[in-house]
Amino acid sequence: MHRRSCFHDPRAGRMLRRRLGVLLTAVLLTPAFVLFFVASPDLSGEQALVQRVAELRERLYHAEMLNQERLQDVMVLSQKFNAMLQPVLQGNGTHDGLQLSREARSLLANLSHSAAPDLHLPSIYSYLPHLLRYPAATSPAFKLSRGRHSATLVLGVPTVRRQVQSYLMTTLANLINSMSPLEMKECIIVVFVAEWDIDYVHQVASQIERKFPEHLESGLLEVISPPETFYPDMNNLRQTLGDPIERVRWRTKQNLDFAFLMMYAQPKGTFYVQLEDDIQTKKGYIATMKRFALQKTAEKKNWFVLDFCQLGFIGKMFKCVELPYLVQFFIMFYNDKPVDWLLDYLIQTKICNLDKDTKHCKKAKENVWIHYKPSLFQHIGTHSSLKGKVQKLKDKQFGKIQLFFPHNNPKASVETMIKPYKTYTLQRAYRGESYFWGLLPQQGDKLLFNFDPPIIVKGFFFRSGNVEHPSDRLYNTTVEVLPLKPLSSLPQNIRAKLKPTNDSYLVVGEFDDMGIAEGHVDEGLGAVKSLRLSVHVESDNWAILSEIHIKTPDSR
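Keep in mind that this is a model prediction, so the values were computed, not measured.

Undergrad: Please provide a residue-by-residue account of the pattern of salt bridges, values included.
TA: Pairing between side chains of opposite charge can happen when their charged atoms approach one another. The full count for this structure, using the stated rule, is 20 salt bridges. The salt bridge involving Arg-162 is made with Asp-277; its shortest N-O contact spans 2.6 Å. Placement of the pair is Arg-162 in the loop between strand 4 (151-159) and helix 6 (168-177) and Asp-277 in the loop between strand 7 (269-274) and strand 8 (279-281), with a sequence separation of 115 residues. For the pair formed by Arg-162 and Asp-277, the shared burial category is buried. With a shortest N-O distance of 3.1 Å, Arg-210 and Asp-513 are connected by a salt bridge. Of this pair, Arg-210 sits in helix 8 (residues 198-211) while Asp-513 is found in the loop between strand 18 (506-510) and strand 19 (516-520), placing the two residues 303 residues apart along the sequence. We classify Arg-210 as exposed; its relative accessible area is 53%.

In structure tokens form, the structure reads like this:
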């Protein structure tokens with residue numbers, strides 16, 4: 001007798017879920033499990049147990065979603081097998097010289113018993129029919145991934161080429177640096193380069209590889225880009241909402257960008273969070289989001305969106321099992337309305353009663369679209385990806401963003417040839433009162449720090465640019481020191497490895513492509529009279545020094 005897989009038999013699937021439930025209960029009630037959570041420093045044993053049960057429940061939902069997807073795959077394969085096997089079965093096991101055994105014919109007959117369905121639901125091809133001509137259009141055109149899966153949180157970060165300045169590297173650094181080592185192991189950040197220029201995609205991927213090699217290797221970071229063939233003819237869109245065609249193209253592409261990214265991210269984790277490439281977050285944001293989501297699950301709240309930012313589509317969390325509802329809606333109405341409007345209309349369609357007033361609708365929406373306060377994300381970009389659009393909206397609930405990093409530097413007189421903007425002087429930056437913001441550095445410009453008396457310099461750290469102006473960096477700029485001793489009296493090994501300048505300074509470091517200069521100063525140099533930054537190329541941007549830290553033996 002042919003054994004039916006649980007993929008084919010709903011009763012077997014239900015039995016599997018019951019057994020999983022019994023197993024989970026047994027695990028939860030083991031002494032070792034309970035003792036582990038009683039020892040947790042942040043939660044009581046009962047709270048930790050409730051949170052863990054909620055997490056396991058969400059993971060079980062996610063496993064069931066994957067099971068359903070595999071069931072669909074098996075059904076499609078079964079239908080294709082049926083079509084292929086009919087000539088063999090009708091030929092009494094023989095077709096085109098192929099002879100099958102009795103056992104094989106019996107097995108194939110069982111497979112052929114399931115008739116092709118009479119009902120066919122709409123698919124992505126119903127709304128994007130051009131995809132039928134391009135089978136490869138439903139896979140990334142570029143993919144840099146270690147294949148991590150079974151994550152708790154998947155963070156989607158779409159990015160596009162910006163006319164003025166890019167915030168992506170600053171955003172990624174902030175997202176990663178605000179995670180704990182354990183959180184880095186249970187998250188995936190998918191950077192979605194929503195451009196069709198493959199050279200530009202490779203350029204962005206190379207930047208990420210240089211800046212975050214260990215996080216690409218571990219699987220925390222992934223980089224993908226979509227094929228141009230995934231999108232319909234962008235010159236043949238309907239103008240809607242009275243928008244100019246340029247804006248219609250921009251929001252249409254954004255709708256489809258989000259849909260592609262969500263479809264890619266859906267099987268990778270339990271929760272999905274939509275972000276942007278020009279944001280900043282707070283330390284511990286992962287733990288806060290996870291705790292809030294599991295709390296709502298434990299409270300049996302039937303939430304659809306958890307909102308961790310009041311602006312646009314930033315910081316919106318969804319269960320991965322429910323992303324298909326959102327993706328389907330985006331694909332159905334991609335030409336009609338902006339993505340954040342579509343989210344609102346989807347919730348309204350699911351929840352609101354047309355027989356009730358707007359007040360009742362708003363209250364009903366609050367049960368499934370739950371806001372967390374204070375906000376965990378802040379929008380920092382000024383220049384939108386839509387050409388010519390300036391976006392200055394800020395989330396007032398987030399609080400202030402740190403634009404500079406003060407340090408207790410040694411006493412020094414400072415000077416520079418670069419003209420400061422308003423009160424953003426080098427003196428105030430050195431004292432830790434603000435940051436330095438200078439107008440258009442030129443070749444040969446210096447930023448000079450004179451020590452009187454001379455001091456031992458152990459090391460240095462300079463950060464140029466800040467989160468609001470990441471492109472206002474020092475480029476092709478060296479860090480140089482002037483020792484108290486004559487160069488001829490310094491040890492030979494120091495003179496061999498440090499390049500001297502024409503005026504007896506020694507080059508001890510330089511700014512990298514991320515606008516950072518960090519290094520140590522050999523103690524064999526002895527006391528230092530001056531330290532300076534020397535600019536070697538003319539800059540198209542202004543320059544910000546948001547962190548100045550000159551380290552001495554007494555520094556912490």
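Undergrad: Quick rundown of the packing of aromatic side chains? Include the residues and the values.
TA: Per the stated rule, a full pass over the model turns up 25 aromatic pairs. Taking 5.2 Å as the distance between ring centres and 55° as the angle between the ring planes, the aromatic pair formed by Trp-196 and Tyr-231 counts as tilted. Here Trp-196, found in the loop between strand 5 (187-193) and helix 8, pairs with Tyr-231, found in the loop between strand 6 (221-225) and helix 10 (245-265); they are 35 residues apart in sequence, far enough to count as distant. Residue Trp-196 is classed as partly exposed on the basis of its relative accessible area, which comes to 33%. Aromatic side chains Tyr-421 and Trp-542 sit 5.2 Å apart centroid to centroid with 50° between the ring planes, which places their arrangement in the tilted category. Within this pair, whereas Tyr-421 is found in the loop between strand 13 (413-416) and helix 15 (426-430), its partner Trp-542 is found in the loop between strand 20 (528-535) and strand 21 (543-551), the two being separated by 121 residues in sequence. Using a relative accessible area of 28% as the deciding quantity, one classes Trp-542 as partly exposed. The cationic tip of Lys-350 hangs over the ring face of Tyr-325; the distance from NZ or CZ to the ring centre is 5.3 Å. Positioned over the ring face of Tyr-505 is Arg-532, at 3.7 Å from the centre of the ring.

Undergrad: Please set out the confidence of the model for the protein chain residue by residue, giving values where relevant.
TA: Averaged over every residue, the pLDDT of the protein chain is 84; residues scoring 70 or more account for 80%. Throughout residues 1-10 the model reports pLDDT below 50, and contacts reaching past four residues in sequence, or to other chains, amount to ten contacts. Predicted confidence for residues 22-41 stays below pLDDT 50, and this span has 16 contacts to residues more than four positions away or in other chains.

Undergrad: Kindly report on the state of the cysteines, identifying the contributing residues and their values.
TA: In this structure the tally under the stated criterion is one disulfide. Here Cys-352 is linked by a disulfide to Cys-361, with a sulfur-sulfur distance of 1.7 Å. Handedness here is read from the sign of the S-S torsion; for Cys-352 and Cys-361, about 60°, the answer is right-handed. The buried category is assigned to Cys-352, whose relative accessible area is 18%. Taking the relative accessible area as the measure of exposure, Cys-361 reaches 12% and is therefore buried.

Conventions used here
- Residues numbered from 1 in each chain as written.
- Predicted model: local features only at pLDDT ≥ 70, side-chain atom pairs only at ≥ 80, totals over all residues.
- Heavy atoms only, no water.
- Salt bridge = Lys/Arg side-chain N within 4 Å of Asp/Glu carboxyl O.
- Helix = DSSP H or I, 4+ residues; strand = E, 2+ residues; numbered from the N terminus.
- Buried < 20%, exposed > 50% of the residue type's maximum accessible area, 1.4 Å probe, protein only.
- Phe/Tyr/Trp six-rings, centres within 6.5 Å; stacked < 30°, edge-to-face > 60°.
- Lys NZ or Arg CZ within 6 Å of the ring centre and 35° of its normal.
- pLDDT = per-residue confidence, 0-100.
- Contact = heavy atoms within 4.5 Å.
- Disulfide = S-S within 2.5 Å.

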